[in-house]
Amino acid sequence: MPEEPKRKSSAEQLRRRNRELSILMAIASALNSSVALEQALQVTLARVADLLDLSTGWIWLLDADSGASYLAASQNLPPALAANPHRMEGRCYCLDTYRAGDLAGAANVNVVTCSRLQHLIDGTQGLRYHASIPLYAHAEKLGVLNVASPDWRELSPDDLHLLHAVGDLLSIAIERARLFDRAAQVGMVEERNRLAREIHDTLAQQITGVTLRLESTEALLEAGAERQQVRDALQQALALSRASLEEARRSVLDLRAPALHGHTLAQALQSLVSESAGEGTVTTFTATGSARPLPARIENGIYRIAQEALMNIGRHAHARHVSVRLHIDAEEARFEVRDDGRGFDPEHASAGRFGLIGMRERAKLLGGQFCLETSPGHGTHILVTAPLVATS
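Thresholds applied
- Residues numbered from 1 in each chain as written.
- Predicted model: local features only at pLDDT ≥ 70, side-chain atom pairs only at ≥ 80, totals over all residues.
- Heavy atoms only, no water.
- Pairing = 2+ DSSP bridges.
- Helix = DSSP H or I, 4+ residues; strand = E, 2+ residues; numbered from the N terminus.
- Axes fitted to C-alpha atoms, helices over the stretch in contact; angles between N-to-C directions.
- Core = buried A, V, L, I, M, F, W, Y, C linked by side-chain atoms within 4.5 Å.
- Buried < 20%, exposed > 50% of the residue type's maximum accessible area, 1.4 Å probe, protein only.
- Contact = heavy atoms within 4.5 Å.
- Salt bridge = Lys/Arg side-chain N within 4 Å of Asp/Glu carboxyl O.
- Expected span 1.5 Å × (residues − 1).
- Phe/Tyr/Trp six-rings, centres within 6.5 Å; stacked < 30°, edge-to-face > 60°.

A.B. asks: I keep staring at the sheet that holds strand β8 (residues 332-339) and nothing clicks. Help me out?
C.D. replies: In any sheet, the strands associate via hydrogen bonds between backbone groups, in a parallel or an antiparallel arrangement. If you walk across this open sheet you meet the 5 strands as β6-β7-β8-β10-β9, and the pairing is mixed. Whereas interior strands pair on both sides, the edge strands pair on one side only; in this sheet they are β6 (282-288) and β9 (369-374). Averaged over neighbouring strand pairs, the angle between their axes works out to 10 degrees when direction is ignored. Where β6 lies against strand β7 (residues 321-328), 7 bridges are found, and the strand directions are parallel. Residue Ala-287 lies in a different strand from β7, and its bridge partner there is Leu-326.

And the structure:
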């Protein structure tokens, strides 16, 4: 090869290596800057797309407890998939291959036909193939990173090793985020136990106070005190007793285990819907993306909002049909309740309806939105959205 073309080829290869290293460093830096898993996944998708001049990608993760697969992150899904979330659930060729153990190591990071797009004609934006990058933590299967392009080419050995390196970085970040969550859960349990001990001590003091008041009353009776004096002592004991009982109830409500303990949000909502169905009311529940685990605060917040909404329907709406829907994707959780009941005028009802105020406040605490659509005689629609990806 002549000297000049050889120098150009070497310079081009050097520029490519520098670009790849800079993107890998950017990915590593982004993954190290936060333990928020959703943010790490979105950053990695964007960087990998930039690395290979792609626009579309998604990440499947396996739930650490159930092993179910769920869509954890996505970027620029084609309309055929974005508008039909059910197509991004369940089994597919790459996940089956991964679960079977036939997708491991850089040698197996390669292009496959996407079974979710294989039989579609419209709305695919020309996508037919994707590269599948397996994600592992030692021998534990974590999930699969897919990147797609309409004009896909065979990956070079360098591309394969580069994507494998990205997969390793992402796997480390996923495992670290899960360990952080487990540590946080342990910390929550310890804090709950600490508060329980403190409350126990407080209640013990209050009950001791009640006992002393009653003993004083008994002493007054034995001493032949006036009736009003004995009555006053009893009233003081009763007041202290009622205060102690109220404190105990409030403490139990604040520190009780989460309402979803042992169940997914979808399972808990299904039970709630079944229990709240009144006589003569047809109530339905549907869920998409429910295999994806959510932060405990979002699960509990949505569940409490659902409780309040369904209780209000049972008390006031006189509805014949109620539909409850839960949709979870890589960006947000959406919860909807519709009924065909009496409806109401929200401008005149909000001030006196503490349930509505509570639902709005819960949605706000989740960083989300609470939307209410209703009018007299036209039923009620409640929509709650809670973001899963941090926004800058």
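A.B. asks: In this structure, what is going on with the nonpolar core? I would like to understand it.
C.D. replies: For soluble globular proteins, nonpolar side chains are generally found buried alongside one another. One finds Leu-269, Val-324, Phe-335 and Phe-370 to be the most contacted residues of the largest nonpolar core, which totals 36 residues. Contributing elements (two or more residues each) for this core: α7 (265-276), α8 (296-317), β7, β8, α10 (354-365), β9 and β10 (380-387). When residues of this core are assigned to their parent elements, the largest contribution, 9 residues, is made by α8. Beyond its immediate sequence surroundings of up to four residues, Leu-269 is in contact with Phe-285, Tyr-303, Ala-306, Leu-326 and Phe-335.

A.B. asks: Got a minute to help me understand the pattern of salt bridges in this structure?
C.D. replies: For side chains of opposite charge, pairing can occur when their charged atoms come near one another. Enumeration over the complete set of coordinates arrives at 3 salt bridges. The partner of Arg-91 in a salt bridge is Asp-96, with the nearest N and O atoms 3.1 Å apart. On the basis of relative accessibility, which here comes to 71%, the residue Arg-91 falls in the exposed class. Residue classification places Asp-96 among the partly exposed positions, given a relative accessible area of 29%. In this structure, Glu-332 engages Arg-334 in a salt bridge whose closest nitrogen and oxygen atoms are separated by 3.5 Å. Judged by relative accessible area, which is 24%, Glu-332 ranks as partly exposed.

A.B. asks: Explain helix α2 (residues 37-51) to me, please; I cannot follow it from the model alone.
C.D. replies: Side chains of residues three or four places apart in an α-helix project in the same direction, reflecting 3.6 residues per turn. The terminal C-alpha atoms of α2, which comprises 15 residues, lie 21 Å apart, in line with the 21 Å expected from a rise of 1.5 Å per residue. Of the residues making up α2, those classed as buried are Leu-37, Glu-38, Ala-40, Leu-41, Gln-42, Thr-44, Leu-45, Val-48, Ala-49 and Leu-51.

A.B. asks: Sorry if this is basic, but what is going on with α8 here?
C.D. replies: The terminal C-alpha atoms of α8 lie 30 Å apart, and with 22 residues this matches the ideal 32 Å at 1.5 Å per residue to within 8%. Looking one or two residues past α8, His-318 carries a phi angle of roughly 55 degrees, positive in sign.

A.B. asks: When you look at the packing of aromatic side chains in this model, what are you seeing that I'm missing?
C.D. replies: Describing an aromatic ring pair means giving the distance of the ring centres and the angle of the ring planes. Tallied over the full model, the rule gives 1 aromatic pair. Consider the rings of Tyr-98 and Tyr-136, whose centres lie 5.3 Å apart with planes at 55 degrees: the pair is tilted. Of the two residues, Tyr-98 sits in helix α4 (residues 93-99) while Tyr-136 sits in strand β4 (residues 129-137), which places them 38 residues apart along the sequence. Take Tyr-98: its relative accessible area is 0%, and that puts it in the buried class.

A.B. asks: Before we go on, may I ask you to explain the pairing of β10 in this structure?
C.D. replies: Every other side chain in a regular strand lies on the same face of the sheet, so the side chains alternate between the two faces. Most of β10 sits out of view: 7 of its 8 residues are buried. Examined bridge by bridge, β8 and β10 share 8 bridges and lie antiparallel to one another. Bridge pairing in β10 links Glu-336 to Leu-383. Linking β9 back to β10 in an antiparallel pair, the connection comprises 5 residues, with Gly-377 at a positive phi of about 85 degrees.

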